[in-house]
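Coordinate analysis (summary)
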Amino acid sequence: MAIEKSEFQKYIEQTINLINVMENEKWMGFYYGRFLNGSITIGEDNMQATIFFINGKAESWELGTPITGIDIGITATTDGWNHFKDRRRSVNIGANKGAAAKRGWDPALALTQLGCTLRVRQCAAPLAFAARLYSYARENILPFSDVQEREVVEAIPDAEVRGFYTRVNGIKIYGETNDGPDDKLTLVLLHTAGRDNRQYHDLMSLFDKKFKIVSFDMPGHGKSWPLPNNKVITEFHQYGDFVWDCIRAMGLKNVMTAGCSMAGCIQYYMAQNYPVKAICCMQGVEDTAGQTDTRVTDMLWHPLVSCQHSHLELTESLIGEKTSQERLDFIYWGVMQETGITKQGDYLELLSFDVKDNMNKITCPVLIIEGMDDQSYTPHMTKLSKERLVNAKFVELDLIPGYGHFIAVESPESVHKYLSEFIDKHVLKK
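Just so we're clear, the structure is a prediction, and the values are computed from it rather than from any experiment. (Residues numbered from 1 in each chain as written. Predicted model: local features only at pLDDT ≥ 70, side-chain atom pairs only at ≥ 80, totals over all residues. Heavy atoms only, no water.)

The helix and strand inventory of the protein stands at 18 helices and 13 strands. For the protein, whose C-alpha radius of gyration is 22 Å, the value lies close to the compact-globule estimate of 22 Å for 430 residues. Judged by the C-alpha coordinates and their principal axes, the protein covers about 70 × 45 × 40 Å. Across the 430 residues of the protein, 58% fall into the buried class. Contacts in the protein between residues far apart in sequence, at least 24 positions, make up 75% of those at least 6 positions apart. Within the structure as shown, the protein displays about 17,400 Å² of accessible surface, and the carbon and sulfur contribution to it stands at 51%. Measuring between centres, the 45 positive side-chain charges of the protein sit 5 Å from its 55 negative side-chain charges. (Helix = DSSP H or I, 4+ residues; strand = E, 2+ residues; numbered from the N terminus. Rg over C-alpha atoms; globule rule 2.2 N^0.38 Å. Buried < 20%, exposed > 50% of the residue type's maximum accessible area, 1.4 Å probe, protein only. Contact = heavy atoms within 4.5 Å. Areas by Shrake-Rupley, 256 points an atom, 1.4 Å probe, with all protein chains shown as cover. Lys, Arg positive; Asp, Glu negative; His and termini not counted. Charge placed at Lys NZ, Arg CZ, Asp CG, Glu CD.)

Written out as structure tokens, the structure is:
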């Protein structure tokens, strides 16, 4: 049933009040709404309204769209808005129709972003926040009253970690190790897209010196140099092959690889093409082709778009609701340090990544760890991955509620538990 005009108007007025009063501090600060001069159009079914902003303050609104055209906006059917509450934290993902089916969602219920792609990417965070506030207004509940309190965790005592550089194919690659024994196992940890190996400090501390652990920054990430002429890796075969080149250049033996996000996806490529003892895939799947919106990818290395600001909302949406504030802050800091061309390269890899037809080639033990509060890689997707591992010696899928995409940062204790048990039973004891 289409929304009534009076009802829609009430939601718009409530949204404006939330922006200007109740949620103004978040709007102006964290979501950088104070830089917004222009309009946001919000639509539901056949109704549209446009709110006009000056320096982030909603000054006026009118039904319909401006005669000059839509600046930025968001729209959906009534059913779409009703379902949005289940993935309210991510407008970026909620508006990706191409990825909806793979995540187990109905594409017909996806939101639609309106306006110039460049302008949408420039204002990704305030647009997302406005959509969330409209959603809360529709439900007549206080914003974020449905979000649980974040847990408080004790800091993990730091273990000794040694940093080093190694030339790999002529590129200076930065790595870190616990200098543990490598007679039975070397665990190689690979970071998420756009970030660096600091993500694994807590996990390395928990393992201490049980066996050798090595983590390193991929080219153009963290402290590693980029490829010649300031290029980055943009193709997943090259990514996986470079990982193995690093392993050989560092003289590592008895290798098991583990990674998260794109580095989780690449685990399946590693197991299909290289003699790894085992793999651990965190928040990854075997097929991500077409899941990233090419309009987003194009804007990541654009002189008028801040990679850090345009990806704030996406990263926020991926973090689990239980994650402690300290760990949340570290993940946000990772966003602030991202480089546009590097992030673009990682996303281009995801656009083409598809190794599902070779999953039957994997014979080593496989551990899949999934933070369930992740809207980019859902349990629906990882369960399908497990079904394709028909020839793996052993497959284990561990689902962790309350945590999300950056699972090794959000809950290193959980990852350590499952990874340690898996290694003891299926890698060290053969």
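Here we come to the sheet that holds strand β5 (residues 112-115). If you trace the five strands from one edge of the open sheet to the other, you get β3-β2-β1-β4-β5, paired in mixed fashion. A single partner strand is all that each edge strand has here, and the edge strands are β3 (57-63) and β5. Each strand axis lies, on average, 20° off the axis of its neighbour in the sheet, ignoring direction. Both strand β4 (residues 72-76) and β5 contribute to a ladder of four bridges, which runs antiparallel. (Pairing = 2+ DSSP bridges. Axes fitted to C-alpha atoms, helices over the stretch in contact; angles between N-to-C directions.)

Another aspect to go through is helix α14 (residues 325-336). Along its twelve residues, α14 runs 16 Å from first to last C-alpha, staying within 8% of the 16 Å computed at 1.5 Å per residue. For α14, the full list of buried residues reads Arg-327, Leu-328, Ile-331, Tyr-332, Gly-334 and Val-335. Projected onto a plane normal to the axis of α14, the buried residues spread over an arc of 150° and lie on a single side. Those residues of α14 that are buried lie in contact with α8 (201-207), α12 (307-310), α13 (312-318), α17 (407-410) and α18 (412-428). (Expected span 1.5 Å × (residues − 1). Arc of directions from axis to C-beta.)

What the rule picks out here adds up to 18 aromatic pairs. Here Phe-8 and Tyr-134 contribute two aromatic rings whose centre-to-centre distance is 6.3 Å and whose plane-to-plane angle is 70°, an arrangement assigned as edge-to-face. In this pair, Phe-8 is assigned in helix α1 (residues 5-22) and Tyr-134 in helix α7 (residues 124-139), connecting sequence segments 126 residues apart. Judged by its relative accessible area of 0%, Phe-8 is buried. (Phe/Tyr/Trp six-rings, centres within 6.5 Å; stacked < 30°, edge-to-face > 60°.)

In this section: the side chain of Asp-346. Here Asp-346 lies in helix α15 (residues 340-352). Put simply, Asp-346 is tucked away with no salt bridge, and the nearest opposite charge, on Lys-343, sits 6.3 Å away. Setting aside chain neighbours within four positions, we find Asp-346 in contact with Ala-193, Gly-194, His-221 and Ile-233. (Salt bridge = Lys/Arg side-chain N within 4 Å of Asp/Glu carboxyl O.)

Turning our eyes to something else, we now look at a nonpolar patch on the surface. Together, Val-21, Met-22 and Leu-142 give the surface a local cluster of nonpolar side chains, amounting to about 310 Å² of exposed area. What makes Val-21 exposed here is its relative accessible area of 55%. (Patch = residues over 30% accessible without salt bridge, like charges linked within 9 Å, V, L, I, M, F, W, Y side chains within 5 Å.)

Quick look at the environment of Thr-192 now. Mapped onto the elements of the fold, Thr-192 is located in the loop between β8 (186-190) and α8. For Thr-192 and Ala-263, which are 71 residues apart along the polypeptide, the C-alpha to C-alpha distance reads 5.8 Å. Discounting chain neighbours no more than four positions away, the residues touching Thr-192 are Gln-199, Cys-260, Ser-261 and Phe-406. Within the structure, Thr-192 has its side chain in polar contact with the side chain of Gln-199 (distance 2.8 Å). (Polar contact = N/O pair within 3.5 Å; in protein donor to acceptor, adjacent residues only side chain to side chain.)

Right, let's talk about the pairing of strand β11 (residues 279-282) for a bit. Burial along β11 is two-sided: Ile-279 and Cys-281 facing one way and Cys-280 and Met-282 facing the other are all buried. Examined bridge by bridge, strand β10 (residues 255-260) and β11 share four bridges and lie parallel to one another. From the neighbouring strand, Ala-258 faces β11, where its bridge partner is Cys-280. Across four bridges, the pairing between β11 and strand β12 (residues 366-371) is parallel.

Right, let's get into the state of the cysteines. The final tally for this structure, using the stated rule, is zero disulfides. Left unpaired, Cys-246 is separated from the closest cysteine sulfur, that of Cys-265, by 19 Å. With no disulfide of its own, Cys-364 lies closest to Cys-280 among cysteine sulfurs, the gap being 11 Å. (Disulfide = S-S within 2.5 Å.)

This part covers the packing of α1 against α7. Where α1 meets α7, the closest approach of the two axes is 8 Å, and the angle between their N-to-C directions is 125°. Comparing their axes, α7 and α1 come out oblique. The way α1 lies across α7 gives a crossing that is right-handed. On α7, the residues that touch Phe-8, Tyr-11, Ile-12, Gln-14, Thr-15, Leu-18 and Ile-19 of α1 are Ala-130, Leu-133, Tyr-134, Ala-137 and Arg-138. Broken down by class, the residue content of the contact of α1 with α7 amounts to nine nonpolar, two polar and one charged. (Parallel < 35°, antiparallel > 145°, perpendicular 65-115°, else oblique. Left-handed = near helix turned anticlockwise from the far one by under 90°. Nonpolar A, V, L, I, M, F, W, Y, C, P; charged D, E, K, R; others polar.)

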